[in-house]
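Each chain, letter by letter, is given below.
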Amino acid sequence: MQTELKKSITWIQGTALTIGAVLGAGILVLPAIAAQLAGPASLVSWIAMGLISIPMVVAIGAMSSRYPDSGGLAAYVRRAFGDRAGEIAGLLILSAMPFGMPLTALVGAHYLGNVFAWGSGAIHLAAAGLILTAILLNYRGIELSGKSQVLVVGVILFILIFVIMAAAPTINGVNFTPFAPHGWLPVGETMMLLFFAFIGWEMVGHLAEEFRDPKVDLPLSLGISLIIVATIYVAISFVMVGNGLYRDTSASGAMLGLISRSLGDNAATAVALLGFLICYCPVHTFIAGFSRLVYAQARAGEFPSRFAQLHPSFQTPHRALLSFIPVFCGILGLSYLFHWDLNTLIGFPSAVFLLVYTFGMIAAFQILPTPFGRGCAAVSALAALILFLFAGIYVFYPMIVIFFAWLRQKRKLQRE
């Protein structure tokens, strides 16, 4: 039985997987929402969030390349604070999975449903198909998974760059004045909103063991993806503001108007396709990351040992991937039967990841040997903690998960 993950991820595939994890459907609405809140000064918010992401990416890259472990942030916590802390961090990350993946898949399916006039049943089936496709490609191996992500991300970037270039000639300088019509306070408030457009870097850490040369390829993947993602965000925001489309329409309508400048009557279909593809990408990468986390937790003795066994041909954590199917399909089934508004549930995974980021960056501060790396980790931990405190009632969800994880450990010790 194969016991080691296959080392096949190149820096190109790693870049595509990382971009896919970070570049979410928010790009279709957040530029307009940010501009509505802060005016043209929202560009400062986008640039500032890109700069704030640098220390986080540096810290994650340093930890992942120095200590490649499919446990990701949970492995860093374990290395810094022991097995019990690592187990809790791993359970925290996994507690975000039942909400985040079905929600993202449904958002993507709704884009297609709005164009083709699908009912709720068809939209939920499309969401299930999106998730099952991601599981199947990951089941068949990280090499095929990475190549497919390169193709999908390439199509997304081509469409976005085409839209930016088509809209650039119609930019009017008048639309940039006044630059901060509501003052500078909304610029900071907008940054809080935009933080969630810059998370997902941590998922590449779960794939660190599968990079051909993690010390070189992994930091390169993170660095290139940060430059591409930040540039695309700022460029879309710049042409959105420069065309003034956000002023008299909804956030989704503003992107539709922007794309219609280049595609005319086909704009609605293009937005639907773009939205579906963009939602597929994080589902693909996060499922890969979550499955590696289950594998790592089982390898450490915290989950049943069967999850630590890899597929004999594809060298993937196939049992973890298959176990996701009933979880995701069950959530989608309940959403269909009870007409859940899953948008109200997005705060649960968001709060979890902010807390996990905080713990992971504190662990990186403890472990990294260089002052620069430790400084980046400290800045990232502080930023994540501050934003976590703004999560409102959702802060109680990760606290409840931590409490039950502690009870689980206590019962385990009593049995021993």
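Residues numbered from 1 in each chain as written. Predicted model: local features only at pLDDT ≥ 70, side-chain atom pairs only at ≥ 80, totals over all residues. Heavy atoms only, no water.

*Asks:* Looking at this structure, I do not really get the overall build of the protein chain. What am I missing?
*Replies:* Across its full length, the protein chain carries 16 helices and zero strands. Taken over the C-alpha trace, the protein chain has a radius of gyration of 21 Å; the compact-globule value for 416 residues is 22 Å, and the two agree within 12%. Along the first, second and third principal axes, the C-alpha atoms of the protein chain reach 70 × 50 × 40 Å. Per-residue burial for the protein chain yields a buried fraction of 56% across its 416 residues. Sequence separation of at least 24 residues holds for 83% of the intrachain contacts in the protein chain that already meet a minimum separation of 6. With an accessible surface of roughly 16900 Å², the protein chain has 69% of that area assigned to carbon and sulfur atoms. Charge-centre separation for the protein chain: the mean point of 22 positive side chains lies 7 Å from the mean point of 16 negative side chains. (Helix = DSSP H or I, 4+ residues; strand = E, 2+ residues; numbered from the N terminus. Rg over C-alpha atoms; globule rule 2.2 N^0.38 Å. Buried < 20%, exposed > 50% of the residue type's maximum accessible area, 1.4 Å probe, protein only. Contact = heavy atoms within 4.5 Å. Areas by Shrake-Rupley, 256 points an atom, 1.4 Å probe, with all protein chains shown as cover. Lys, Arg positive; Asp, Glu negative; His and termini not counted. Charge placed at Lys NZ, Arg CZ, Asp CG, Glu CD.)

*Asks:* Sorry, what's going on with a nonpolar patch on the surface here?
*Replies:* On the surface, a nonpolar cluster with roughly 590 Å² of combined accessible area is contributed by Met192, Leu382, Leu385, Ile386, Leu389 and Phe390. Per-element accounting of the nonpolar patch gives the leading share, four residues, to helix 15 (residues 371-389). Mapping leucine 382 onto the fold places it in helix 15. Overall, leucine 382 belongs to the exposed group, its relative accessible area being 51%. (Patch = residues over 30% accessible without salt bridge, like charges linked within 9 Å, V, L, I, M, F, W, Y side chains within 5 Å. Salt bridge = Lys/Arg side-chain N within 4 Å of Asp/Glu carboxyl O.)

*Asks:* So what exactly am I meant to see when it comes to the nonpolar core here?
*Replies:* One broad rule of soluble globular proteins: the nonpolar side chains tend to lie buried together. By size, the foremost hydrophobic cluster in this structure holds 141 residues, and its most contacted members are Ile27, Ile156, Trp201, Ile287, Phe290 and Phe324. Among the elements that make up this core, the one with the highest residue count is helix 12 (residues 267-299) (18 residues). If we ignore the near neighbours within four places in the chain, the residues touching isoleucine 27 are Leu160, Ile232, Tyr233, Ile236, Met255 and Ile278. (Core = buried A, V, L, I, M, F, W, Y, C linked by side-chain atoms within 4.5 Å.)

*Asks:* What's the story with helix 10 (residues 214-243) in this structure? I'm lost.
*Replies:* Three- or four-residue spacings in an α-helix give side chains the same orientation, since the helix completes a turn every 3.6 residues. With 30 residues, helix 10 extends 42 Å from end C-alpha to end C-alpha; this agrees with the ideal 44 Å at 1.5 Å per step. Once helix 10 ends, the next one or two residues include glycine 244, with phi positive near 65°. (Expected span 1.5 Å × (residues − 1).)

*Asks:* Whenever I open this one, the packing of aromatic side chains confuses me. Can you help?
*Replies:* Think of a pair of aromatic rings as described by two things: how far the centres are apart, and how the planes are tilted against each other in angle. Evaluated as defined, the whole model comprises 16 aromatic pairs. Geometrically, the ring pair formed by phenylalanine 176 and phenylalanine 238 is tilted, given 5.1 Å between the ring centres and 35° between the ring planes. Residue phenylalanine 176 is located in the loop between helix 8 (142-167) and helix 9 (185-194), and its partner phenylalanine 238 is located in helix 10; the two are separated by 62 residues in the primary sequence. Taken together, the aromatic side chains of Phe99, Phe348, Tyr394 and Tyr397 make up a single cluster linked through ring pairs. Note that arginine 374 overlies the ring of phenylalanine 365, its terminal NZ or CZ placed 4.3 Å from the centroid. (Phe/Tyr/Trp six-rings, centres within 6.5 Å; stacked < 30°, edge-to-face > 60°. Lys NZ or Arg CZ within 6 Å of the ring centre and 35° of its normal.)

*Asks:* Looking at this structure, I do not really get the environment of glycine 20. What am I missing?
*Replies:* Structurally, glycine 20 is set in helix 1 (residues 11-22). Counting along the chain gives 155 residues from glycine 20 to asparagine 175, while the straight-line C-alpha distance between them is 32 Å. Apart from residues lying up to four places away in sequence, glycine 20 is in contact with Gln149, Val153, Cys281, Pro282 and Thr285.

*Asks:* Would you mind going over the pattern of salt bridges with me for this structure?
*Replies:* Two side chains that carry opposite charge are able to pair once their charged atoms sit near each other. Per the counting criterion, the structure on display carries nine salt bridges. Of the charged contacts in the structure, one is a salt bridge between lysine 6 and glutamate 143, with a shortest N-O distance of 3.5 Å. With lysine 6 in the segment before helix 1 and glutamate 143 in helix 8, this pair connects stretches of sequence that are 137 residues apart. Assessed through its relative accessible area of 26%, glutamate 143 is described here as partly exposed.

*Asks:* Explanation requested: the side chain of threonine 10 in the structure shown.
*Replies:* Relative to the elements of secondary structure, threonine 10 occurs in the segment before helix 1. Setting aside anything within four residues of it in sequence, one finds threonine 10 in contact with Phe211, Arg212, Asp217 and Ser221.

*Asks:* Quick question: what am I supposed to make of the side chain of serine 70 here?
*Replies:* Tracing the backbone shows serine 70 in the loop between helix 3 (42-66) and helix 4 (73-81). In this structure serine 70 touches Leu5, Gly205, His206, Glu209, Arg292, Leu293, Tyr295, Ala296 and Arg299, once residues within four positions along its chain are discounted.

*Asks:* Even after reading the chapter, I still don't get unusual backbone geometry, so can you show me in this structure?
*Replies:* Most peptide bonds take the trans configuration, and most residues that are not glycine carry a negative phi. The residue after threonine 177, namely proline 178, is reached through a cis peptide bond having omega -10°. Within the fold, proline 178 resides in the loop between helix 8 and helix 9. In this structure, glutamine 315 is a non-glycine residue whose phi angle is positive, near 55°. With respect to the element layout, glutamine 315 can be found in the loop between helix 12 and helix 13 (318-338). A relative accessible area of 18% places glutamine 315 in the buried class.

*Asks:* Please clarify how the packing of helix 8 against helix 10 should be interpreted in this entry.
*Replies:* Geometry of a packed helix pair, given as the angle between the helix axes and the separation of the axes. The N-to-C vectors of helix 8 and helix 10 enclose an angle of 35°; their axes lie 10 Å apart at closest approach. With respect to the hand of their crossing, helix 8 and helix 10 are arranged in left-handed fashion. On the side of helix 8, the interface is formed by Leu157, Leu160, Ile161, Ile164 and Ala167, while helix 10 contributes Ile228, Ile232, Ala235, Ile236, Val239 and Asn243. (Axes fitted to C-alpha atoms, helices over the stretch in contact; angles between N-to-C directions. Left-handed = near helix turned anticlockwise from the far one by under 90°.)

*Asks:* Honestly, the state of the cysteines in this entry has me stumped. Any pointers?
*Replies:* Working definition: the covalent bond between the sulfur atoms of two cysteines is a disulfide. This structure, assessed with the given rule, holds zero disulfides. The closest cysteine sulfur to the non-disulfide-bonded cysteine 281 is located on cysteine 279, 9.3 Å from its own sulfur. (Disulfide = S-S within 2.5 Å.)

*Asks:* For this particular structure, what's the right way to read the environment of glutamate 302?
*Replies:* Locating glutamate 302 in the fold gives a position in the loop between helix 12 and helix 13. Classification of glutamate 302 by relative accessible area gives buried; the value is 6%. Distance from glutamate 302 to glutamine 409, taken between C-alpha atoms, is 9.6 Å for residues 107 residues apart in sequence.

*Asks:* Help me understand the confidence of the model for the protein chain, please; the structure alone is not making it clear to me.
*Replies:* As a note on interpretation, predicted positions should not be read in detail where pLDDT is low. Residues of the protein chain with pLDDT of at least 70 account for 98%, and the chain-wide mean is 90. The lowest-confidence element of the protein chain is helix 11 (residues 251-263), averaging 79 in pLDDT; the highest-confidence one is helix 7 (residues 120-139), averaging 95. (pLDDT = per-residue confidence, 0-100.)

*Asks:* It is not clear to me how the environment of isoleucine 287 should be interpreted in this structure. Could you clarify?
*Replies:* Within the element layout of this structure, isoleucine 287 appears in helix 12. Judged by its relative accessible area of 0%, isoleucine 287 falls in the buried class. As for isoleucine 287 and phenylalanine 324, which are separated by 37 residues in sequence, their C-alpha atoms are 8.5 Å apart.

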